[in-house]
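Next come the chains, spelled out residue by residue.
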Amino acid sequence: MTEDDIEAIEKEMLEELKRPQGRSILVCPVCGSTDVTYYMDLKMGYQYQCKSCNYVGVLVLEADVTSSPEK
Ligand SMILES: [Zn+2]
């Protein structure tokens, strides 16, 4: 392995670190839909709303974007 190779790997690792950590999508705990948006309730505060089943609540699942099976 040459010095250039090591430099390239180091650069790659730095790029990896720069990426936003914990990038995930919101998943509805009721129907499993990813069509979940933030929902602001004046009384209850910050919640989530599922557009598929109209679930509203503070509980929401998070799925990793990279491992999401969208094929
Ligand atoms: Zn839902």
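Higher on the page you've got the structure.
Residues numbered from 1 in each chain as written. Predicted model: local features only at pLDDT ≥ 70, side-chain atom pairs only at ≥ 80, totals over all residues.

As for the overall build of the protein
No. 1: Helix and strand counts for the protein come out as 1 helix and 5 strands.
No. 2: Secondary structure of the protein in N-to-C order comes out as α-β-β-β-β-β.
No. 3: If you take every contact in the protein between residues at least 6 apart in sequence, the share linking residues at least 24 apart comes to 37%. (Helix = DSSP H or I, 4+ residues; strand = E, 2+ residues; numbered from the N terminus. Contact = placed C-beta atoms within 7 Å.)

Here we look at the environment of Pro29
No. 1: By the element assignment, Pro29 lies in the loop between strand S1 (24-27) and strand S2 (36-41).
No. 2: Residue class for Pro29 comes out partly exposed when judged on the 14 C-beta atoms lying within 10 Å of it.
No. 3: For the pair formed by Pro29 and Val60, sequence separation is 31 residues and the distance between their alpha carbons is 5.7 Å.
No. 4: Ignoring anything within four residues of it in the chain, the contact list for Pro29 reads Leu59, Val60 and Leu61. (Buried ≥ 20, exposed ≤ 12 C-beta atoms within 10 Å, placed from the backbone.)

Here's the deal with helix H1 (residues 3-18)
Residues lying three or four places apart along an α-helix face the same way, a consequence of the helix completing one turn every 3.6 residues.
No. 1: The end-to-end C-alpha distance of H1 is 23 Å, a good match for the 22 Å that 16 residues give at a rise of 1.5 Å each.
No. 2: Within H1, only 0 of the 16 residues are buried, which leaves the element largely exposed. (Expected span 1.5 Å × (residues − 1).)

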